[in-house]
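What follows is the residue order along each chain.
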Amino acid sequence: DAAMQRILSLLLLAASAQAFAPAGFALQGRVGLKSACRLTPAACSAGRAQMPLGLRMDEERPSPSSGVEPVKAKAKKNPGQEAQVVVIGLSHKTATVDIREKLAVQEHNWQSAGVALTRLPSVKEAAVLSTCNRFEIYFVTDDVRMGVREITEYLSEKRNVPLRELRDSLFMLNKEDAVWHALRVSGGLDSLVIGEGQILSQMKRCYEIATDKGGAAGKVLTRLLNTAVASGKRVRSETGISRGGVSISSAAVELVEKKCLDDLNLDMNQLDICILGAGKMARLLVQHLTPRGVKSITIVNRSPERVEELQQMFPDSPIKLALLDQMMETVAETHCTFACTGAMEPLLYKANVQEHVERPVMLVDISVPRNIDDVSCNELDNVFAYNVDDLKAVVAANQAKRQRLVLEAEELLKEELKNFGSWHQSLGTVPMITKLQGRADKIRREELAKIERKLSGLTPSEREAVERLSKSIVAKLLHGPMTHLRTMDNVDDRTVTVKSLEAMFKL
């Protein structure tokens, strides 16, 4: 039996080598291979055509001195082509609040919005992130220009925003620039208030919603969003960028502190405060108002439970409850009202403010869509209304102080960018490896079929041994090229190698 297996091994090895030999190679006697093939210049340069570069309306990519090499574009039909990551959207940097609120999507609709986008012909995967300061769509496509066009037209039609107006406000980044943007957003480096922590929670929800059952994230976006969340955590744990009061809510409180004397002729500790809503932003408002010693904080909410939670959380804070039907009465009786609800329409506007408010008031809206019609309210005497865009001047001074921390954070993000890039590039080898394995297994089965009659006298265990032997031979023949493909970082080199393997093995 042992002699029979050794003979079969030699026969199968010779048969497999002959059948699986690359085109242009021939077996010479019992040992050795003599090459009769040379790569032509055309084969070496195949696959080098580049796709046109995507539009770029942002300045967030790493500088040339960063040490991160940009990923070069490739022709769409090249072997090993990976789908491209793209982000399209707008933020406090590119659009005013009146444009942002037109595109805003409530969190409970993020998943359905992403799924709807994947019904567009060019969009393979999609995830939506919508906050008070940004609206972004991360998607995967093989055709960047067509994908951007389809999504832009879709947004224009669904949100009733003229295409020209939309294009003036949108930014678009693809490939490495899109990944870099996602990492900076999650790290709080792209926020209105640098280092604010709420965006990390929002990015985490984006990941959870997009990757949940029924979500529209596939392999690429799942990895990207997971990397973004992990990177955001690293930035906050390994740098000091999140230390101190950094949030939209803290900036809003600071705005009131700076303006209250001019607007109301009162100091901060003389103010009665009203907060519309009892969510996370309200909690942060209470956190920053309490140490400033305001006279009272009345929270207007539909139900008392969340307000009671805040009272327990801040026992030293002068928190009172008012239900929704007491909203206008509370606004009229307090000096400053902060609005931070999930309402899609303004709660305070010229008519109802004019009807109820008789003394000077400050109205500060940190919601998107806006809860306060600040434009019309500012037409009234003694009403001083502000929206989230008015916080920019307040936070500008803080940003200058935090630039050193931004540079520290970006060094960490460059490591994450490189790791994601290596993983994403490796996806380009998967189709070739699959084809190579399929071709090899087909040859193995065909060669076994040719000697079926010679194997008819073997017992089931002996046939199983032959089957294992043939698979082992194929696996060892494939190990070298597959390992080489998986470890290639350079996109152009990998493309040439894939093209060469296709030609040699007739894939």
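Just above, that's the structure.
Numbers given for residues are sequential positions, taken from 1 along each chain in its written order. Since the coordinates come from a predicted model, pLDDT governs what is reported: local features require at least 70, and pairs of side-chain atoms require 80 or more to be given and counted, while whole-chain, interface and lining totals use all residues. Water and hydrogen atoms play no part in the side-chain values, which are based on all heavy atoms of the structure.

**Side note on the pattern of salt bridges**
Applied cut-off: Think of a salt bridge as a Lys or Arg side-chain nitrogen and an Asp or Glu carboxyl oxygen that are within 4 Å of each other. A run of H or I in DSSP becomes a helix once it reaches four residues, and a run of E becomes a strand once it reaches two; helices and strands are each numbered from the N terminus. Accessibility here uses a 1.4 Å probe with only protein chains present; expressed as a share of the type maximum, an area under 20% marks a residue as buried, one over 50% as exposed, and anything in between as partly exposed.
The tally for this structure, following the rule as stated, stands at 26 salt bridges. Between Asp 190 and Lys 93 there is a salt bridge, with its nearest N and O atoms 2.8 Å apart. Residue Asp 190 is located in the loop between α7 (176–186) and α8 (198–211), and its partner Lys 93 is located in the loop between β3 (84–91) and α3 (97–103); the two are separated by 97 residues in the primary sequence. Note that Lys 350 and Glu 379 form a salt bridge whose closest N and O atoms lie 2.9 Å from each other. Linking Lys 350 in helix α14 (residues 350–356) with Glu 379 in the loop between α15 (374–377) and β12 (383–386), this pair joins segments that are 29 residues apart in sequence. The partly exposed category is assigned to Lys 350, whose relative accessible area is 31%. Linked by salt bridges that have partners in common, Lys 93, Arg 134, Glu 136, Arg 184, Asp 190 and Glu 410 make up one network.

**Looking at the packing of α7 against α8**
Worth spelling out the cut-off: Lines fitted to C-alpha atoms define the axes, with helix axes restricted to the stretch in contact, and inter-axis angles between N-to-C directions lie between 0 and 180 degrees. Roughly parallel means an angle under 35 degrees; roughly antiparallel, over 145; roughly perpendicular, 65 to 115; everything else is oblique. Residue contacts are counted whenever heavy atoms from the two residues lie within 4.5 Å of one another. Residue polarity follows a fixed list, in which Ala, Val, Leu, Ile, Met, Phe, Trp, Tyr, Cys and Pro are nonpolar, Asp, Glu, Lys and Arg are charged, and the others, Gly among them, are polar.
Between α7 and α8, the shortest axis-to-axis distance is 8 Å and the interhelical angle comes to 125°. Classified by the angle their axes make, α7 and α8 are oblique. Between α7 and α8, the residues in contact are Ala 182, Val 185 and Ser 186 and Ile 199, Leu 200 and Met 203, respectively. Of the residues contributing to the contact of α7 with α8, the split by class is five nonpolar, one polar and no charged.

**A closer look at the nonpolar core**
The tendency in soluble globular proteins is for nonpolar side chains to be buried as a group. Keep this limit in mind: What we call a nonpolar core is a set of buried Ala, Val, Leu, Ile, Met, Phe, Trp, Tyr and Cys residues that are connected through their side-chain atoms within 4.5 Å.
Among the nonpolar cores identified, the biggest contains 64 residues, and Ile 137, Phe 139 and Ile 151 are the most heavily contacted of them. Residues in contact with Phe 139, not counting those within four places in the same chain, are Gln 84, Val 85, Val 86, Ile 88, Val 123, Glu 125, Ala 126, Gly 147, Val 148, Ile 151 and Leu 221. Ala 252, Val 256, Val 307 and Cys 336 belong to the second largest nonpolar core, which has 43 residues in total.

**Quick look at unusual backbone geometry**
The omega torsion across Val 368 and Pro 369 is 0°, close enough to zero to call that bond cis. In this fold, Pro 369 is placed in the loop between β11 (361–365) and α15. The backbone of Asn 265 shows a phi angle near 60°, a positive value even though the residue is not glycine. As for its position among the elements, Asn 265 is in the loop between α10 (248–264) and β7 (272–276).

**Structural notes on α10**
To keep it simple, the criterion reads: Here, expected helix span is obtained from the residue count minus one, scaled by 1.5 Å. A residue's bend is simply the angle between two axes: one fitted to the seven residues ending at it, one to the seven starting at it.
For α10, spanning 17 residues, the distance from its first C-alpha to its last is 22 Å, which sits close to the expected 24 Å at 1.5 Å a residue. Of all bends in α10, the biggest is about 40°, found at Lys 258. All of the buried residues in α10 are Ile 248, Ser 249, Ser 250, Ala 251, Ala 252, Val 253, Leu 255, Val 256, Cys 260, Asp 263 and Leu 264. Asn 265 occupies a position one or two residues after α10 and carries a positive phi of about 60°.

**Describing the pairing of strand β5 (residues 134–141)**
Stated formally: Two strands make a pair as long as DSSP finds a minimum of two bridges between them.
In terms of burial, β5 is a largely internal element, eight of the eight residues being buried. Burial of the side chains of β5 extends over both faces: Arg 134, Glu 136, Tyr 138 and Val 140 are buried on one face and Phe 135, Ile 137, Phe 139 and Thr 141 on the other. When β3 meets β5, the two strands line up antiparallel, connected through eight bridges. Directly across from Leu 90, in β5, lies its bridge partner Phe 135. Examined bridge by bridge, strand β4 (residues 125–130) and β5 share six bridges and lie antiparallel to one another. Its bridge partner being in β5, Ala 127 is matched across the sheet by Tyr 138. A loop of three residues connects β4 with β5, the two strands running antiparallel in sequence.

**Brief notes about the sheet that holds β11**
Pairing in this open sheet of six strands is parallel, and the strands run β9-β8-β7-β10-β11-β12 from one edge to the other. A strand with exactly one partner marks an edge of an open sheet, and here the two such strands are β9 (319–323) and β12. Going across the sheet, the axis of each strand differs from the next one's by a mean of 20°, ignoring polarity. Two elements, β7 and strand β10 (residues 336–339), share four bridges in a ladder whose sense is parallel.

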